[in-house]
Amino acid sequence: SQLQRVYGKPRDLPDEFTDLKALFHKAVREWPTAEMPLTMLIDSVDQLDDQHGGRRLEWLPVTDLPPHVRLVVSTLPDHPEFDCLTRLRKTLTPRTTDSKPRATSQDSTGYGPQDEAQDLTCGGKVLELTTIQDWRTVLSHILKVLGRRITEEQMVAVERCLGGDEKPCKDRSMWDRLRAGMFVARGATPLWLRLVAQMVSRWRSF
């Protein structure tokens, strides 16, 4: 509907999924022009349900895109319930079979090594989200900005959850909130720490 409005197309949508998929592919590949390019952000495709193969991503046109179309797609790493990242990697076939290791670089934020993007046949890039090495200092700083701080026991609970420790800490309710919250992915990314700070800032600490 948004694409139809932006590119001045008829607003009628087909009822059948196969027809809707075909229309979406046409909209992405044919409607944009050099004068009216398209940049589309599709976040968290791993959160889609499996109706019509949502997480199989067969509906997503990531190949044969014109030069004035950009798709940015995000997903969590593979999980027993979904393999969106693997499916995207298979679709975005490397240009060469040369298996040289990717170089790494250190950014000025201290967020640790960053993998350089890998060139792909369809002009796409797979970017690995970097993690923060000294995440305790960064988390403490964010909490300080929020006017809060947590106890060492609470910090240890965060650390153990980050590392995938399944053994509950002393405060079972605190542990349950952690496990039910933003702690699915392993590794302290900037967004992860921001969400953690917002969550733990509501904890009582003495």
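Structure shown above.
Residues numbered from 1 in each chain as written. Predicted model: local features only at pLDDT ≥ 70, side-chain atom pairs only at ≥ 80, totals over all residues. Heavy atoms only, no water.

J.: Mind laying out the overall build of the chain, listing which residues take part and the relevant values?
T.: Secondary structure summary: the chain contains 7 helices and 6 strands in total. Across the chain, helices and strands are ordered from the amino to the carboxyl terminus as α-α-β-β-α-β-β-β-β-α-α-α-α. Expressed as a percentage of the 206 residues in the chain, the buried residues total 29%. Counting contacts in the chain only where the partners sit at least 6 residues apart, residues at least 24 apart contribute 53% of the total. Total accessible area computed for the chain in this model is approximately 13,600 Å², and 51% of it derives from carbon and sulfur atoms. (Helix = DSSP H or I, 4+ residues; strand = E, 2+ residues; numbered from the N terminus. Buried < 20%, exposed > 50% of the residue type's maximum accessible area, 1.4 Å probe, protein only. Contact = heavy atoms within 4.5 Å. Areas by Shrake-Rupley, 256 points an atom, 1.4 Å probe, with all protein chains shown as cover.)

J.: Outline the packing of aromatic side chains, listing residues and values.
T.: Scanning the entire structure with this criterion turns up 1 aromatic pair. Ring plane angle 45° and centroid distance 6.2 Å describe the contact between Phe 24 and Trp 59, whose orientation is recorded as tilted. Of this pair, Phe 24 sits in helix H2 (residues 17-30) while Trp 59 sits in the loop between strand E1 (38-42) and strand E2 (69-73), placing them 35 residues apart in sequence. When its relative accessible area of 21% is taken as the criterion, Phe 24 is described as partly exposed. The class of Trp 59 is buried, set by a relative accessible area of 16%. (Phe/Tyr/Trp six-rings, centres within 6.5 Å; stacked < 30°, edge-to-face > 60°.)

J.: Account for the environment of Pro 67, naming residues and giving values.
T.: In this fold, Pro 67 is placed in the loop between E1 and E2. You can call Pro 67 exposed: its relative accessible area is 64%. For the pair Pro 67 and Thr 33, spaced 34 residues apart in sequence, the C-alpha separation works out to 9.1 Å.

J.: Pulling in residues and values, what's your account of the pattern of salt bridges?
T.: Under the criterion given, the structure shown has 4 salt bridges. Asp 50 is paired through a salt bridge with Arg 55; the nearest N and O atoms lie 3.1 Å apart. Looking at Arg 55, the relative accessible area reads 13%, which means it is buried. (Salt bridge = Lys/Arg side-chain N within 4 Å of Asp/Glu carboxyl O.)

J.: Before we move on, can you summarise the environment of Met 40 with the specific residues and values?
T.: Along the chain, the position of Met 40 falls in strand E1. Met 40 sits 31 residues away from Leu 71 along the chain, and the two C-alpha atoms are 4.9 Å apart. Apart from residues lying up to four places away in sequence, Met 40 is in contact with Leu 3, Phe 24, Val 28, Arg 70, Leu 71 and Val 72.

J.: Help me get a handle on the packing of helix H4 (residues 135-145) against helix H7 (residues 190-200), residues and values and all.
T.: Where H4 meets H7, the axes come as close as 10 Å, and the angle between the chain directions of the two elements is 50°. In terms of axis orientation, H4 runs oblique to H7. Considering how the two elements wind past one another, H4 and H7 form a crossing that is right-handed. Where H4 approaches H7, its residues Trp 135, Val 138, Leu 139, Ile 142 and Leu 143 are matched on the opposing element by Leu 193, Arg 194, Val 196, Ala 197 and Val 200. Tallied by class, residues from the contact of H4 with H7 come to 9 nonpolar, no polar and 1 charged. (Axes fitted to C-alpha atoms, helices over the stretch in contact; angles between N-to-C directions. Parallel < 35°, antiparallel > 145°, perpendicular 65-115°, else oblique. Left-handed = near helix turned anticlockwise from the far one by under 90°. Nonpolar A, V, L, I, M, F, W, Y, C, P; charged D, E, K, R; others polar.)

J.: Give a description of the nonpolar core that names residues and reports values.
T.: The biggest cluster of nonpolar side chains holds 19 residues, and the ones touching the most others in it are Leu 3 and Leu 38. Every element with two or more residues in this core is listed here: H2, E1 and helix H3 (84-91). Ranked by the residues each element gives to this core, the list is headed by E1, at 3 residues. Residues contacting Leu 38, with those up to four places away along its chain left out, are Leu 3, Tyr 7, Val 28, Pro 32, His 68, Val 69 and Arg 70. If you look at the next biggest cluster of nonpolar residues, it comprises 15 residues, including Ile 132, Ile 150, Trp 192 and Leu 193. (Core = buried A, V, L, I, M, F, W, Y, C linked by side-chain atoms within 4.5 Å.)

Everything listed here is a matter of geometry and, on its own, says nothing about what the molecule does.
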